[in-house]
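The chain contents come next:
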Amino acid sequence: MTMENNAAIASPHVAKPGKPTGFKHFFKQLHAQRALVIMSVPFVIWLFIFKYLPLWGWTIAFQKYKPARSFSEQEWVGLEHFKFLFTDERFFRVLRNTLVMSFENLILGFVTAITLALLLNEVRNIVFKRVTQTISYLPHFISWVVAAGIIQSTLATDGIINTLLMKLGLINEEILFLGIGEWFWGIYGASIVWKDVGWNTIVYLAAMTMIDPSLYEAAEMDGAGRFKKMWHVTLPGIKSVIIVLLIMNTGYLLESGFDVQYLLGNGMNIDYSENIDIFVLNYGIKMSNYSLSVAAGMFKTIVSFILLFAANNLARRLGEARLY
């Protein structure tokens, strides 16, 4: 046995002759895909300028920021604003509202979108299916300003809901729905579902088209009906898509929105409608307390970042589909 063979046995990971490794291999691949690299350069520059460069502004969270002063003239206060946030009762109420509405949006968004997609996938009348899809998509293209106006008119004391309930004899007097704080979360959830359920079904319907039709035929030969085929064929077929979307949405658990709460919120339901974004607007920007607003935003970003990586790591440990 030659010395070369002995060396190969002793070091099984030695690269084969002629096969580039390390940086050489990297630059060779880069050159081979140079067209894609050139196309991606503008987007990388945009990402750096608008997503990473502004992170310099996080330093404001550790200052008593005054707009008229230069960076060197700012007064540094350390973690003072974070201590204020975590000892302020309003912030914990706002955090509660944010988490409740976020989980509500996450659960209702997934359940309703998947259910509607499953039902639409079983419709055999193409015309009815297309019309239903179009109707369910339309609210998504309405701005929240217009949508909030529709919701307020519907829930007004002289709106269609109160009129219908009065006609049916279910209530004796009109109800001011948006004036009852405890009902705001339910109104928020119904509004989100009405506006986005159709749009959210698109990705699931697209995933269903990739399922092998022979699986349905095999299930039908085994005596499976429509519901069993949905449960044992369709849902497992789109499982990876559901998990990836769930991971991505986990990173937005502190992003419960702004438009709905701002447009439908009022003094009577503020204890339930105010979330972190509204808190930042009311107690940070409006009061020129920019450092507090940056601290709240920084807290939200870091927690979202941790949740995203934790969800992805959990999926990896369970052997499921993941982002990376």
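Our structure's up above, just so we're on the same page.
Residues numbered from 1 in each chain as written. Predicted model: local features only at pLDDT ≥ 70, side-chain atom pairs only at ≥ 80, totals over all residues. Heavy atoms only, no water.

K.L.:
Where do I start with the nonpolar core in this structure?
P.N.:
Burial of nonpolar side chains together is a common tendency in soluble globular proteins. Core analysis: the largest hydrophobic core is formed by 23 residues, its most contacted members being Phe 110, Ile 114, Tyr 204, Leu 205, Met 208, Ile 238 and Ile 242. Breaking this core down by element, the ones donating at least two residues are α5 (89-122), α9 (184-208), α10 (213-221) and α11 (226-237). Counting residues per element, this core draws most heavily on α5, at eight residues. Dropping the residues within four chain positions of it, Phe 110 is found in contact with Tyr 204, Ile 242, Leu 245, Leu 246 and Asn 249. (Core = buried A, V, L, I, M, F, W, Y, C linked by side-chain atoms within 4.5 Å. Buried < 20%, exposed > 50% of the residue type's maximum accessible area, 1.4 Å probe, protein only. Helix = DSSP H or I, 4+ residues; strand = E, 2+ residues; numbered from the N terminus. Contact = heavy atoms within 4.5 Å.)

K.L.:
Before we go on, may I ask you to explain the environment of Thr 98 in this structure?
P.N.:
Looking at where Thr 98 falls in the secondary structure, it is placed in helix α5. Along the sequence, Thr 98 and Leu 253 sit 155 residues apart, while their C-alpha atoms lie 8.0 Å from each other. Setting aside anything within four residues of it in sequence, one finds Thr 98 in contact with Leu 253, Leu 254, Ser 256, Asn 275 and Ile 276. Engagement of the side chain of Thr 98 in a polar contact is seen with the backbone oxygen of Val 94, the distance being 2.8 Å. (Polar contact = N/O pair within 3.5 Å; in protein donor to acceptor, adjacent residues only side chain to side chain.)

K.L.:
Whenever I open this one, the pattern of salt bridges confuses me. Can you help?
P.N.:
Close approach of charged atoms lets side chains of opposite charge pair. Going through the model one piece at a time under the given rule, you end up with eight salt bridges. With a closest N to O distance of 3.8 Å, Arg 124 and Glu 122 form a salt bridge. Shared partners join several salt bridges into a network, and the residues in it are Arg 93, Asp 271 and Glu 274. (Salt bridge = Lys/Arg side-chain N within 4 Å of Asp/Glu carboxyl O.)

K.L.:
Would you take a moment to explain the packing of α5 against helix α6 (residues 126-137) for this structure?
P.N.:
Contact pair α5 / α6: the axes reach a minimum separation of 10 Å and the direction vectors enclose 160°. Viewed along their axes, α5 and α6 adopt a mutual orientation that is roughly antiparallel. Relative to α6, the crossing made by α5 is left-handed. Facing Leu 116, Leu 120 and Asn 121 of α5, the residues of α6 in contact are Lys 129, Thr 132, Gln 133 and Ser 136. A per-class count over the contact of α5 with α6 returns two nonpolar, four polar and one charged. (Axes fitted to C-alpha atoms, helices over the stretch in contact; angles between N-to-C directions. Parallel < 35°, antiparallel > 145°, perpendicular 65-115°, else oblique. Left-handed = near helix turned anticlockwise from the far one by under 90°. Nonpolar A, V, L, I, M, F, W, Y, C, P; charged D, E, K, R; others polar.)

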